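Summary of structural features
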Amino acid sequence: MSEEKNTKKKFKWWKIPLFIILIAILVAGGYVAYVFLSYSRIEDNLALQPEGSAEQTATTGTEYTVVSYNLGFGAYTDDFTFFMDEGKESRARSKESVINCINNTADTALSYDPDFVLFQEVDIGSTRSHYVEERNQINEKFATAGAYDNVFAQNYNSAYLMYPITEPHGASKSGLLTQSKYNVTSALRRSLPIATGFKKILDLDRCYSISRIPVDDGKELVLINQHLSAYGTDAAQGNAQLEMLFADMKAEYDKGNYVICGGDFNHDFTVNSKEYFNPGTDKTYTWCEPFPDDIIPEGFTKETDYAEGMIPSTRYTNEPYVPGKSFTVILDGFIVSDNVEVSYVQNIDKEFKYTDHNPVVMKFQLGKTETIED
């Protein structure tokens with residue numbers, strides 16, 4: 001009995017909290033290892049399979065309408081706030097909310113009777129969007145509306161993010177969805193340069209898609225859908241992404257093709273929209289640095305001659321949207337080759353009811369091209 005008492009006396013209670021701390025360190029270390037070991041980039045120059053029923057060939061001298069719309073993975077009602085923007089929420093509020101947001105944004109795009117639509121942040125089975133297959137939902141709507149081809153390029157397939165602890169953001173699969181009333185003969189996914197080291201976990205993967213549509217003059221309409229990096233970036237990386245994108249655009253233009261690039265550039269697209277919508281602000285964010293106009297290649301134009309004046313294309317989601325009070329900028333838009341004649345471009349004010357972006361609508365026609373000699 002005395003030996004048993006001595007044994008109890010020798011037990012060191014301070015070992016219990018030490019043991020708990022050790023377990024916590026091992027769990028955290030294991031999670032970090034899982035995130036980095038499971039990280040992989042989707043291959044570059046990946047052929048994409050166009051699907052759908054479009055059969056038409058595009059023609060020169062015909063007016064077309066193209067819409068660019070970032071859907072915010074179906075989470076952003078006008079009062080939604082996002083944890084990575086100093087807000088509180090990490091997931092859409094419900095599956096029903098996601099379905100409702102995607103239905104409304106798809107209907108908005110279709111309301112312009114578009115020939116082409118470039119969607120960004122379309123989820124295909126993510127924790128944050130309650131595993132709603134948004135690509136299928138949109139494709140079904142467009143198939144009902146008419147004969148459209150569609151092309152999907154997956155941006156990323158991220159590991160499970162265990163933050164915020166109370167409601168983790170989870171695993172994300174998301175991408176770019178292009179709709180076309182005109183036959184897409186082929187498509188390609190290009191991988192953009194992204195951050196390295198720890199920052200790559202925030203930046204995830206990034207890409208743009210290139211869809212090819214035959215034109216009656218023997219050339220092609222090259223339609224590029226892109227979504228550049230937002231978080232964890234710097235000017236050098238942002239420029240590297242644009243330089244790669246512009247190199248592909250210039251190569252197509254030099255062949256005599258028509259080039260339209262649209263989407264979310266994650267730069268202040270007009271250079272001065274931050275000051276225009278937020279006079280006197282001292283806020284700076286990596287996702288709205290001024291667009292580097294000086295690296296736009298010769299033969300291309302950034303379309304900012306808005307028919308009805310400046311309207312923001314996105315809001316900062318640190319707080320619910322309040323017109324005239326919330327931080328807003330223009331991130332979305334189109335850059336076109338000079339053989340594309342633009343007659344109208346406008347950001348449409350939808351008050352951010354179903355996504356944190358507004359749609360951009362552009363009308364254009366394909367002009368005659370001249371053969372470019374070596």
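Data block above holds the structure.
What this report covers is the structure whose coordinates are included nearby. (Residues numbered from 1 in each chain as written. Predicted model: local features only at pLDDT ≥ 70, side-chain atom pairs only at ≥ 80, totals over all residues. Heavy atoms only, no water.)

Side note on the nonpolar core
- Within the largest apolar cluster, 50 residues are counted, with the highest numbers of intra-cluster contacts made by F116, I224, M249, I260, F265, F364 and L366.
- Counting residues per element, this core draws most heavily on helix α6 (residues 235-254), at 6 residues.
- Non-local contacts of I260, meaning those with residues more than four positions away in its chain, are made with L221, V222, L223, I224, F334, I335, V336, V340, M362 and F364.
- Counting 28 residues, the second largest nonpolar core, distinct from the first, contains V117, F119, V122 and I138. (Core = buried A, V, L, I, M, F, W, Y, C linked by side-chain atoms within 4.5 Å. Buried < 20%, exposed > 50% of the residue type's maximum accessible area, 1.4 Å probe, protein only. Helix = DSSP H or I, 4+ residues; strand = E, 2+ residues; numbered from the N terminus. Contact = heavy atoms within 4.5 Å.)

Structural notes on the sheet that holds strand β11 (residues 300-302)
- In spatial order, the strands read β1-β7-β8-β9-β10-β14-β11; together these 7 strands make up an open sheet with mixed pairing. Single-partner strands in this sheet number two, and they are β1 (46-48) and β11. Taken over all neighbouring pairs, the strand axes of this sheet differ in orientation by 20° on average, direction set aside.
- Inspection of the sheet shows strand β8 (residues 207-214) paired to strand β9 (residues 220-227) by 7 bridges, in the antiparallel sense. When the bridges of β9 are listed, P214 appears paired with E220. (Pairing = 2+ DSSP bridges. Axes fitted to C-alpha atoms, helices over the stretch in contact; angles between N-to-C directions.)

Section: the sheet that holds strand β15 (residues 340-347)
- Across the sheet, which stays open at both edges, the 7 strands sit in the order β2-β5-β6-β4-β3-β16-β15 with mixed pairing between neighbours. In this open sheet, the two edge strands, each paired with only one partner strand, are β2 (51-52) and β15.
- Bridge count for β15 against strand β16 (residues 360-366) is 7 bridges, and the pairing is antiparallel. Along β16, the bridge assignment pairs V342 with F364.

Section: helix α3 (residues 95-110)
- Its 16 residues give α3 an end-to-end C-alpha distance of 23 Å, which sits within 8% of 22 Å, the value for a rise of 1.5 Å per residue.
- In this fold, the buried residues of α3 make contact with β3 (64-70), β4 (116-123) and α4 (134-145). (Expected span 1.5 Å × (residues − 1).)

Observations regarding the side chain of D332
- Looking at where D332 falls in the secondary structure, it is placed in strand β14 (residues 332-337).
- Of the side chains bearing the opposite charge, R206 lies closest to the buried D332, which forms no salt bridge; the N-O distance is 10 Å.
- A polar contact is formed between the side chain of D332 and the side chain of S313, at a distance of 2.6 Å.
- At 2.9 Å, the side chain of D332 and the side chain of H357 are in polar contact.
- Excluding anything up to four places from it in sequence, D332 contacts N70, Q120, G263, D264, F269, S313, T314, N347, H357 and V360. (Lys, Arg positive; Asp, Glu negative; His and termini not counted. Salt bridge = Lys/Arg side-chain N within 4 Å of Asp/Glu carboxyl O. Polar contact = N/O pair within 3.5 Å; in protein donor to acceptor, adjacent residues only side chain to side chain.)

A look at the packing of aromatic side chains
- Counting across every chain of the model gives 24 aromatic pairs.
- Considering the side-chain rings of F119 and F142, the 5.8 Å spacing of their centres and the 85° angle between planes classify their relative orientation as edge-to-face. Linking F119 in strand β4 with F142 in helix α4, this pair joins segments that are 23 residues apart in sequence.
- By relative accessible area, F119 is classed as buried at 0%.
- Measuring from ring centre to ring centre gives 5.7 Å for F269 and F291, while their planes differ by 85°; the resulting arrangement is edge-to-face. (Phe/Tyr/Trp six-rings, centres within 6.5 Å; stacked < 30°, edge-to-face > 60°.)

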